[in-house]
Amino acid sequence: MIKKYVFGKPMDTGAVVAKVKATVPEGSKIGELTVDEKNKTITYIMPPKARIYGLGETVRGINKRGWLYISNNTDNPHHEEGKHSLYASQNFIIVDNGDGKCFGFYFDHPGEVRFDIGFTKSDVFAVSAEDFDFSLYYIEEDSPLEIVKSFRGLVGKSYEAPLWAYGYGQSRWGYKNASDIREVRDSYKKLGIPLDMIYMDIDYMQDFKDFTVNPERFPDFEAFVRDMKADGIRLIPIIDAGVKIEKGYDVYEEGIKNDFFCKKEDGTPLVAAVWPGKVHFPDFLNPAAAKWFGDKYKVLTDMGIEGFWNDMNEPAIFYTEDHLKEVFGELENIKDKELDIWGFFGFKGLIDSINNNPEDYRRFFHEFNGVKVRHDKVHNLYGFYMTKAAGEAFERNNKDKKILLFSRSSFMGMHRYGGVWTGDNMSWWSHLLLNIKQMPSLNMTGFIYSGADTGGFGSDTTEDLMMRWLGFSIFTPLFRNHSALGTRDQELYRFERSNDFKNIIELRYALIPYIYVECTKAINENGMYFKPLSFEYRDDERAGEIEDQLLVGAHLMIAPVYEQNKTGRYVYLPEDMKLVRFRSYKDFDTEVLTKGDHYVKAELNEILVFIRKGHKLTLTEPAACTDRLDMDRCAATIEF
Ligand code: MIG
């Protein structure tokens, strides 16, 4: 059961699609919550055993208790546990109070929201927002999973990716031209490792201009797209939020002519800088601007492109022209002064304040629902509305096809238009574990098609990290190996144990029917594909604390190895299960294990899968790419 309460004058964020009539609260209590309008806070006193779930893509664990999470979409490539915000804001919470009772709520607000979950005071959960204008949806059901389903009914059906998007994708920031990309294709082919997608990072564009292709690097782009597709490979270009300021560039000229860019108080468009140099930000919140920008994707779909990733849409700001002027002014003041140590740190702070500066997010405005709104008030909607613009354009312009679409920044509601990847992680073992923990939280909020940069984006990966990470990522719907410019090459053919890599990727392809069917179920039933154990085994206190094993679809549990130099791990079984230890889709051994704790061996090339009682796993015969998969060809069936 869902009840809606309205406080102040909330903006319609577009997150909720169901019509719910507002209830007037009686006094300050809404179910278990206490609303304190004077202090702009909603509180809940957490019983000792209460577990808190939700919030989608964040740092830390599946149980969110014990930290301060701030909804404030930020381009921050350091996903350490000391951080409070990442690229996404999903203000959805589930409380399981530990006594068999649970409730959930959605705090619908487009600006900054603080979720202090036992951070300031260990038993106090406090939600606060500077502007106390919001709709609160209070959800009561019998279990956390039922709360998820109810909530998702409210926010609408999740995005469905095309089947081929469940294949394996290779990406790297630094592929410069068609021959670099051909080399990726040929190297995979030579080793017989399946591949479905090669991603094109910003270097494919002409001077980082959206919807352009550099003709020297990609002569006859259309033919190139066709040629790759003949090998079963789709090219997936990146689209950045900022539009380069350049006379004669059609996107810039049209944006100016139609007044589609975000403007400052004085009515002139904001000048920021990102990869293209100086840019304007399209006002995706303005429907006419959104339609215009969305239709631009047609430039690429007309050339045969079938998928995109939207980047830098928090939006990331390297600097704004105005703030840079202020900084130079300050520098002028201190230039000839003798700096004491505090003066020196002040100077250093000034330089560090240049990118993603909070002041800059207060310098520009949107035309939102016909009203002029300062950006920071609706900040968390920007990536959502960019992706919505693209998704709605595909519905208009590409009716006969499913287009792959995912974004870095997100908000509730965006799950209807695309998936997400979790941004710039590092090639760290701790980030493999973070990836494992992020997936079920993303699924709660309807982001089913999601995944992380496998192998890690920043810093140098190692062969063993790549192997173990793949051992997890073969279960994530979005399955992409991506890395940053300047880091160690990490395409699978760069390593020695190519046969083991081949076996792992083939196992993914053998699992695609299972993964696809289970994801489709999660989408159609408003359910989850990745679930924490606690969602199924509610009375099992041990299971409630397990965050490094996940339920995957209806039939399986996985227990990835996420530490270096390990040849096995402890696994907790909440019931008897059949262990399948895969070395490849046709080389595996099985063993029935009883409920309880087990130490389970898993060499570097081995993947642990557990089949739940009364369930089965069917594998198909893998192929070089999804287009060539015969999903009805059964390679093995393992039952318990
Ligand atoms: O400032 O396009 O998260 O995946 O490779 C970095 C270059 C911009 C950030 C994305 C990353 C991508 C990179 N982009």
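Quick caveat, the model's predicted, so the values are computed rather than measured.

**Quick look at the overall build of the chain**
Stage number 1. Across its full length, the chain carries 13 helices and 39 strands.
Stage number 2. Here the C-alpha atoms of the chain give a radius of gyration of 25 Å, agreeing with the 26 Å that 2.2 N^0.38 yields for 640 residues.
Stage number 3. Principal-axis analysis of the C-alpha atoms gives the chain an extent of 70 × 70 × 55 Å.
Stage number 4. Within the chain, the fraction of its 640 residues that count as buried is 63%.
Stage number 5. Taking all contacts inside the chain whose residues are at least 6 apart in sequence as the whole, residues at least 24 apart take part in 73%.
Stage number 6. When the accessible surface of the chain is split by element, carbon and sulfur atoms take 49% of a total near 24,200 Å².
Stage number 7. Here the chain contributes 81 positively and 99 negatively charged side chains, and the mean placements of these two sets differ by 2 Å.

**A look at the site of the ligand**
Stage number 1. Near the ligand, the surroundings consist of 13 residues, among which D201, W275, D311, D424 and H482 are the closest.
Stage number 2. Separating an oxygen atom of the ligand from a side-chain N or O atom of R408 is a distance of 3.0 Å.
Stage number 3. Side-chain polar atom of D424 to an oxygen atom of the ligand: 2.5 Å apart, as the coordinates give it.
Stage number 4. Looking at the shell around the ligand residue by residue, the classes come out as eight nonpolar, one polar and four charged.

**Concerning the pattern of salt bridges**
Stage number 1. By the definition in use, this model includes 57 salt bridges.
Stage number 2. The salt bridge involving E160 is made with K157; its shortest N-O contact spans 3.2 Å.
Stage number 3. Overall, E160 belongs to the partly exposed group, its relative accessible area being 28%.
Stage number 4. Notably, a salt bridge pairs D259 with K263, separated by 3.0 Å at the nearest N-O pair.
Stage number 5. On the basis of relative accessibility, which here comes to 44%, the residue D259 falls in the partly exposed class.
Stage number 6. A single network of salt bridges, built from pairs that share partners, joins R182, R185, D186, K189, D227 and D231.

**Some points on the layout of surface pockets**
Stage number 1. Roughly 500 Å³ of internal volume is contained in the largest pocket.
Stage number 2. Of the residues in the lining of the largest pocket, the class split is three nonpolar, ten polar and eight charged.

**Here's the deal with helix α5 (residues 287-296)**
Stage number 1. Every buried residue of α5 is listed here: A289, A290, W292, F293, G294 and K296.
Stage number 2. Tucked into the core, α5 has its buried residues touching β15 (234-240), β16 (243-244), α4 (250-257), α6 (298-301) and α9 (382-397).
Stage number 3. Here α5 starts with a cap whose side-chain oxygen sits 2.9 Å from the backbone nitrogen of A288, and that cap is N286.

**Some details on the side chain of D116**
Stage number 1. Secondary-structure assignment places D116 in strand β10 (residues 113-117).
Stage number 2. Buried and unpaired, D116 has R114 as its nearest opposite-charge partner, separated by 6.8 Å.
Stage number 3. Here D116 is in contact with W67, L68, V124, F125 and A126, once residues within four sequence places are set aside.

**As for the environment of Y188**
Stage number 1. With respect to the helices and strands, Y188 occurs in helix α2 (residues 178-191).
Stage number 2. On the basis of relative accessible area, Y188 is assigned to the buried category, the value being 1%.
Stage number 3. For the pair Y188 and I334, spaced 146 residues apart in sequence, the C-alpha to C-alpha distance is 56 Å.
Stage number 4. For Y188, the side chain forms a polar contact with the side chain of Q170, separated by 2.4 Å.

**Details of empty space enclosed by the protein**
Stage number 1. One pass over the structure, following the stated rule, counts six cavities of 30 Å³ or more.
Stage number 2. For the largest cavity, the calculated volume is near 110 Å³.
Stage number 3. Surrounding the largest cavity, 16 residues form its lining, G471, P560, V561, E606 and I607 being those nearest its centre.
Stage number 4. Secondary-structure elements contributing two or more residues to the lining of the largest cavity are α11 (463-473) and β37 (607-612).
Stage number 5. With four residues, α11 is the single largest residue contributor to the lining of the largest cavity.
Stage number 6. Tallied by class, the residues present in the lining of the largest cavity amount to twelve nonpolar, two polar and two charged.
Stage number 7. Estimated volume of the second largest cavity: approximately 90 Å³.
Stage number 8. Mapped onto the lining of the second largest cavity, the elements with two or more residues apiece are β6 (67-71) and β7 (88-89).
Stage number 9. Sorting elements by how many residues they give to the lining of the second largest cavity places β6 first, with three residues.

Definitions and cut-offs
Residues numbered from 1 in each chain as written. Predicted model: local features only at pLDDT ≥ 70, side-chain atom pairs only at ≥ 80, totals over all residues. Heavy atoms only, no water. Helix = DSSP H or I, 4+ residues; strand = E, 2+ residues; numbered from the N terminus. Rg over C-alpha atoms; globule rule 2.2 N^0.38 Å. Buried < 20%, exposed > 50% of the residue type's maximum accessible area, 1.4 Å probe, protein only. Contact = heavy atoms within 4.5 Å. Areas by Shrake-Rupley, 256 points an atom, 1.4 Å probe, with all protein chains shown as cover. Lys, Arg positive; Asp, Glu negative; His and termini not counted. Charge placed at Lys NZ, Arg CZ, Asp CG, Glu CD. Near = heavy atom within 4 Å. Polar contact = N/O pair within 3.5 Å; in protein donor to acceptor, adjacent residues only side chain to side chain. Nonpolar A, V, L, I, M, F, W, Y, C, P; charged D, E, K, R; others polar. Salt bridge = Lys/Arg side-chain N within 4 Å of Asp/Glu carboxyl O. 1 Å grid on protein atoms, 1.4 Å probe; cavity = no way out; pocket = protein on both sides within 12 Å on 5 of 7 lines; lining within 4 Å. Points joined across faces, edges and corners; volume = space filled by probe spheres on them.

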